[in-house]
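Examination of the molecular architecture
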Amino acid sequence: MPEPERVFEAFVTNLDEYNNNELVGEYVKFPTTQEELSRICESIGVDTTDEHGQPYKELFITDYDCPAYYVKRVLGEYESLDKFNHLAALIEDLPKYDQDKLSAIVAGGCDKVNNIDDLINLTLNLDCYDFVPDATDDYSLGYYYVHEIGIYSNATR
């Protein structure tokens, strides 16, 4: 059975090694399991201890591969892998219609989506927005409201 298409990938990099001119990292496909995240962090040396015995967990993301462009638009280098995973699982579970709605809201310039937390919040609250896939301009949106759902009626009083 083929693996399902993932929402996005991120190249997770060990910050300490990067600061020492070494690129030590690995691509992570999201959503993933906590065990897989732990394995990847261990393999790139992020779940180790420093010279003082303190846990070392500094990582950053050097590359993204996101089929949904609106996800990449709000991502930073120092995002939480747990938030990545949560967002990917949310988007993966959305029906196609809601994925299109999410994309349209962000592409439309929703100023409330500036980071991954905002995108997670929006994904959880898509029912607060109307989406008319065939409305490409104000005229077609108005036509839809008047003729398709009957907001305005020609009936006289």
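The rules we used
Residues numbered from 1 in each chain as written. Predicted model: local features only at pLDDT ≥ 70, side-chain atom pairs only at ≥ 80, totals over all residues. Heavy atoms only, no water. Helix = DSSP H or I, 4+ residues; strand = E, 2+ residues; numbered from the N terminus. Buried < 20%, exposed > 50% of the residue type's maximum accessible area, 1.4 Å probe, protein only. Core = buried A, V, L, I, M, F, W, Y, C linked by side-chain atoms within 4.5 Å. Contact = heavy atoms within 4.5 Å. Pairing = 2+ DSSP bridges. Axes fitted to C-alpha atoms, helices over the stretch in contact; angles between N-to-C directions.

**Topic: the environment of Ala107**
For Ala107, the position within the fold is in helix α5 (residues 96–107). A relative accessible area of 49% places Ala107 in the partly exposed class. It is 9.1 Å that separates the C-alpha atoms of Ala107 and Tyr69, two residues lying 38 residues apart in sequence.

**Re the nonpolar core**
Core analysis: the largest hydrophobic core is formed by 36 residues, its most contacted members being Phe30, Val71, Leu81, Phe84 and Leu119. Those elements giving two or more residues to this core turn out to be β1 (8–14), β2 (25–30), α2 (34–43), β5 (59–65), α3 (69–73), α4 (81–93), α5 and α6 (116–124). Here this core gets six residues from one element, more than from any other, and that element is α4. Excluding anything up to four places from it in sequence, Phe84 contacts Phe8, Ala10, Phe30, Ile61, Tyr64, Leu75, Glu79 and Ile116.

**Comments concerning the sheet that holds β1**
Note: strands within a sheet are paired through backbone hydrogen bonds, in either parallel or antiparallel orientation. Read from one edge to the other, the open sheet built from three strands follows the order β2-β1-β5, with strand pairing classed as antiparallel. Only two strands of the sheet have a single neighbouring strand rather than two, namely β2 and β5. Each neighbouring strand pair of the sheet contributes to a mean axis angle of 30 degrees, computed without reference to strand direction. When β1 meets β5, the two strands line up antiparallel, connected through six bridges.

Just distances and angles here, no functional claims.
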